[in-house]
Amino acid sequence: MIVERINQLVDYAICHGLITEDDRIWAVNRLLEKLRIDSYEPIEYSECDDLETILSDINRYAVEKGIVESDGKAYTDLFDTSVMGILTPPPHEVISKFWALHDVSPEIATDWYYEFSKSTDYIRTYRVKKDLKWVVESDYGDIDITINLSKPEKDPKAIAAAKSAPQSGYPKCLLCAESEGFAGNLRYPARQNHRIIPMDLYGEKWYLQYSPYVYYNEHCIVLCSEHRPMQINRNLFERMMDFISILPHYFLGSNADLPIVGGSILSHDHMQGGRYVFAMEKAPIIKDISFAGYDDVEAGIVKWPLSVIRLTSYNRKSMLDLAEKILTFWRVYSDEEAFVFAETNGEKHNTITPIARRKGEKYQLDLVLRNNITTDEYPLGVYHPHQDKHNIKKENIGLIEVMGLAVLPSRLKKEMSDLEEAILSGRDITEDSVLSKHSAWLDSFKGKYTFTKENTWDILKKEIGNTFVAVLEDAGVYKCNESGLHSFMRFVDIINK
């Protein structure tokens with residue numbers, strides 16, 4: 001069986017362009033070495049292009065032979081990534097091919113690189129497809145909802161081992177370029193099958209890669225070669241414009257640079273982009289605005305639960321001059337009536353989540369106004385998911401959610417399945433140690449429906465979506481209503497004075 005799987009894996013690598021037929025003997029020998037097999041006889045074997053099955057059997061063999069300590073995912077992921085690393089071309093070959101294809105067409109280059117990242121198993125497509133995804137209609141357009149199931153959860157044994165393992169500090173974080181080819185450990189994922197593409201952005205070396213969890217089509221990460229904190233400034237805007245000039249079919253955005261309203265990694269300067277149209281991009285302008293001295297820049301407030309100023313122009317410099325001015329004013333802007341405070345007790349609160357894209361020959365930049373102030377009533381953030389929604393979403397509202405895609409915790413899959421059973425059976429969940437957190441949430445809408453076996457899951461999906469929309473409204477500094485728009489315009493007027 002194992003010899004058959006070795007040959008099938010080599011066939012897979014040849015078929016997917018990772019190696020050539022000339023590499024076959026070498027590849028077989030490398031895999032024999034990896035699996036500590038001393039003798040080999042060619043055999044007839046059946047065709048198999050199912051990478052998950054091939055790697056699963058190779059992992060099983062490695063565990064049985066004591067090559068891998070445990071069959072837990074943390075251990076087998078480290079091992080099968082090293083196996084795929086044997087068959088992954090070196091960086092210089094990948095880089096050369098990407099830019100050669102880019103000379104033909106940026107789209108052809110990213111098409112190839114995305115497929116390559118899946119073929120090497122860096123993007124584990126067989127896990128990503130397990131994510132639950134659906135769309136919910138709202139006043140702001142169709143909102144994407146996902147329950148992410150593709151991030152592997154460590155078993156207790158791996159967690160205990162990781163806790164006692166020495167920490168080397170290399171690479172410094174998951175977004176460091178030094179992750180490329182890294183063997184990994186129980187604290188850090190293996191990346192032998194990972195390849196990144198260098199590109200010059202506004203005079204600095206940055207790298208393009210895809211997210212291994214691809215929350216949306218061609219979900220990419222653009223990371224700085226230097227391990228430094230994130231910072232929203234003019235240079236960032238310039239880098240975003242450079243990127244969408246290199247890959248005009250991609251959008252690019254950045255998380256905010258402050259806690260609560262930022263992403264999960266603020267310590268390494270990075271951006272995220274891809275080839276996907278989010279609901280926010282499709283959202284219309286609800287109020288045209290203008291800024292003195294910037295007649296060549298179209299501007300407007302977007303109909304969206306968060307507070308968004310959209311700038312569009314053929315003139316990149318003029319648009320970025322205005323974007324920098326808006327950012328500068330917002331950093332120090334306070335409006336007690338609207339509960340906007342730039343600073344309290346020496347802590348700064350105002351920042352921006354920017355998203356850039358091309359619209360034909362025009363540049364477009366969405367500036368989402370963010371504020372991370374906390375109060376006794378809202379200790380996790382006034383403009384953060386409020387406590388009554390934490391049963392569905394408690395985590396920060398980062399770039400991806402800002403644009404209209406909910407990334408919800410994996411726990412919801414089982415909790416909603418159990419809640420569906422409780423609804424249909426009439427079971428009281430108020431004393432349930434897990435489901436009780438959903439009791440008030442369920443009470444808020446159960447009177448609107450007649451639940452059946454056929455419709456209960458669909459109702460729960462709809463209400464999860466409605467709750468996420470309300471979460472986005474919580475995150476909006478200025479609410480998308482007449483009062484909020486009036487407060488929003490006070491800030492616009494300050495810029496124009």
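What comes next is a walk through the structure. (Residues numbered from 1 in each chain as written. Predicted model: local features only at pLDDT ≥ 70, side-chain atom pairs only at ≥ 80, totals over all residues. Heavy atoms only, no water.)

**Brief notes about the sheet that holds strand β1 (residues 132-138)**
The strand order across the open sheet formed by three strands is β1-β2-β15, and the pairing between neighbours is mixed. Of all strands in the sheet, those bounded by a partner on one side alone are β1 and β15 (405-408). In this sheet, neighbouring strand axes are inclined to one another by 20° on average, regardless of whether the strands run parallel or antiparallel. The sheet contacts of helix α15 (residues 456-475) involve β1, β2 (141-147) and β15, and relative to β1 the element is tilted by about 65°. (Pairing = 2+ DSSP bridges. Helix = DSSP H or I, 4+ residues; strand = E, 2+ residues; numbered from the N terminus. Axes fitted to C-alpha atoms, helices over the stretch in contact; angles between N-to-C directions. Contact = heavy atoms within 4.5 Å.)

**Describing the sheet that holds strand β4 (residues 204-210)**
With antiparallel pairing, the ten strands of this open sheet are ordered in space as β3-β4-β5-β7-β6-β13-β14-β10-β9-β8. The sheet is open, and its two edges are formed by β3 (197-201) and β8 (285-289), each paired on a single side. The mean angle between the axes of side-by-side strands here comes to 25°, regardless of whether they run parallel or antiparallel. Of the strand pairs in this sheet, β3 and β4 are connected by five bridges, and their pairing is antiparallel. Its bridge partner being in β4, Pro198 is matched across the sheet by Tyr207. The sheet strands contacting helix α9 (residues 234-246) are β3, β4, β5 (220-224), β6 (251-253), β7 (270-274), β13 (350-359) and β14 (362-371), and the helix crosses β13 at an angle near 20°.

**Description of helix α3 (residues 51-64)**
With 14 residues, α3 extends 20 Å between its outermost C-alpha atoms, agreeing within 8% with the 20 Å of an ideal straight helix rising 1.5 Å per residue. Listed as buried for α3 are Leu51, Ile54, Leu55, Asp57, Ile58, Asn59, Tyr61 and Ala62. Tucked inside the fold, the buried residues of α3 contact α1 (2-15), α4 (73-86), α6 (106-119) and α7 (125-128). Of the residues that open α3, the one with a side-chain oxygen 3.2 Å from the backbone nitrogen of Glu52 is Asp50. (Expected span 1.5 Å × (residues − 1). Buried < 20%, exposed > 50% of the residue type's maximum accessible area, 1.4 Å probe, protein only. Polar contact = N/O pair within 3.5 Å; in protein donor to acceptor, adjacent residues only side chain to side chain.)

**Observations concerning the pairing of β4**
With five of seven residues buried, β4 lies mostly within the body of the structure. Where β3 hands over to β4, the hairpin turn is made up of two residues, of which Tyr202 adopts a positive phi near 55°. Bridge count for β4 against β5 is five bridges, and the pairing is antiparallel. Paired with Gln209 across the bridge in β5 is Ile221.

**Considerations on the nonpolar core**
Ranked by size, the top nonpolar core spans 103 residues in total, and within it Leu9, Leu208, Phe243, Leu311, Ile326, Leu365 and Tyr478 carry the most contacts. Among the elements that line this core, the one with the most residues is α1, at eight residues. Discounting chain neighbours no more than four positions away, the residues touching Ile326 are Phe291, Ile309, Leu311, Ile352, Leu367, Phe491 and Ile495. (Core = buried A, V, L, I, M, F, W, Y, C linked by side-chain atoms within 4.5 Å.)

**A word on the environment of Pro354**
When you line up the elements, Pro354 lands in strand β13. What makes Pro354 buried here is its relative accessible area of 0%. Taking the C-alpha atoms as reference points, Pro354 and Ile196, 158 residues apart in sequence, are found 24 Å from one another. In contact with Pro354, other than residues within four places in its own chain, are Ile232, Leu236, Phe237, Met240, Leu252, Gly253, Ser254, Leu365, Asp366, Leu367 and Leu399.

**Examining a negative patch on the surface**
On the surface, a cluster of negative charge is contributed by Glu47, Asp49, Asp50 and Glu52. Following the sequence through the fold, Glu47 ends up in the loop between α2 (24-34) and α3. Looking at Glu47, the relative accessible area reads 80%, which means it is exposed. (Patch = residues over 30% accessible without salt bridge, like charges linked within 9 Å, V, L, I, M, F, W, Y side chains within 5 Å. Areas by Shrake-Rupley, 256 points an atom, 1.4 Å probe, with all protein chains shown as cover. Salt bridge = Lys/Arg side-chain N within 4 Å of Asp/Glu carboxyl O. Lys, Arg positive; Asp, Glu negative; His and termini not counted. Charge placed at Lys NZ, Arg CZ, Asp CG, Glu CD.)

**Let's talk about the packing of helix α5 (residues 91-104) against α6**
In the contact formed by α5 and α6, the axes pass within 6 Å of each other and the chain directions differ by 150°. Comparing their axes, α6 and α5 come out roughly antiparallel. Of the residues in α6, those touching α5 at Val94, Lys97, Phe98, Leu101, His102 and Val104 are Pro106, Ile108, Ala109, Thr110, Trp112, Tyr113 and Phe116. (Parallel < 35°, antiparallel > 145°, perpendicular 65-115°, else oblique.)

**A closer look at the side chain of Asn372**
When you line up the elements, Asn372 lands in the loop between β14 and α12 (399-402). Of note is the side chain of Asn372, whose polar atom sits 2.8 Å from the side chain of His349. Ignoring sequence-local partners within four residues, the contact set of Asn372 consists of Leu258, Pro259, Ile260, Val261, Glu347, Lys348 and His349.

**Focus on helix α13 (residues 411-425)**
Here α13 contains 15 residues, and its C-alpha end-to-end distance of 21 Å stays within 8% of the 21 Å for a straight helix at 1.5 Å per residue. Of the positions making up α13, those classed as buried are Leu412, Glu415, Met416, Leu419, Glu420, Ala422 and Ile423. Projected down its long axis, α13 carries its buried residues within an arc of 165°, all on one side. Packing partners of the buried residues in α13 comprise β2, β15, α14 (439-443) and α15. In the segment just after α13, Gly426 is the residue with positive phi, at about 80°. (Arc of directions from axis to C-beta.)

**Quick notes on a positive patch on the surface**
A contiguous patch of positive charge, built from Lys73, Lys129, Lys130 and Lys413, is present on the exposed surface. You can see Lys413 is positioned in helix α13.

**Things to note about the packing of aromatic side chains**
Where two aromatic rings form a pair, the distance of their centres and the angle of their planes describe that pair. Counted according to the given criterion, the structure contains 23 aromatic pairs. A ring pair is formed by Tyr170 and Phe182, whose centres lie 5.8 Å apart and whose planes are at 75°; its orientation type is edge-to-face. With Tyr170 in the loop between α8 (156-164) and β3 and Phe182 in the loop between α8 and β3, this residue pair connects regions lying twelve residues apart in the sequence. The exposure class of Tyr170 is partly exposed, given its relative accessible area of 46%. Seen in terms of ring centroids, Phe251 and Phe278 are 5.5 Å apart; in terms of plane orientation they differ by 90°. Their pairing is edge-to-face. One end of the pair, Phe251, is in strand β6; the other, Phe278, is in the loop between β7 and α10 (279-282), and 27 residues separate them in sequence. Residue Phe251 shares its accessibility class with Phe278, and that shared class is buried. Each member of the aromatic cluster is reached from another via a ring pair, and the members are Phe98, Trp99, Tyr113, Tyr114 and Tyr210. It is Arg358 that lies over the ring of Tyr363; its NZ or CZ is 4.2 Å from the centre. (Phe/Tyr/Trp six-rings, centres within 6.5 Å; stacked < 30°, edge-to-face > 60°. Lys NZ or Arg CZ within 6 Å of the ring centre and 35° of its normal.)

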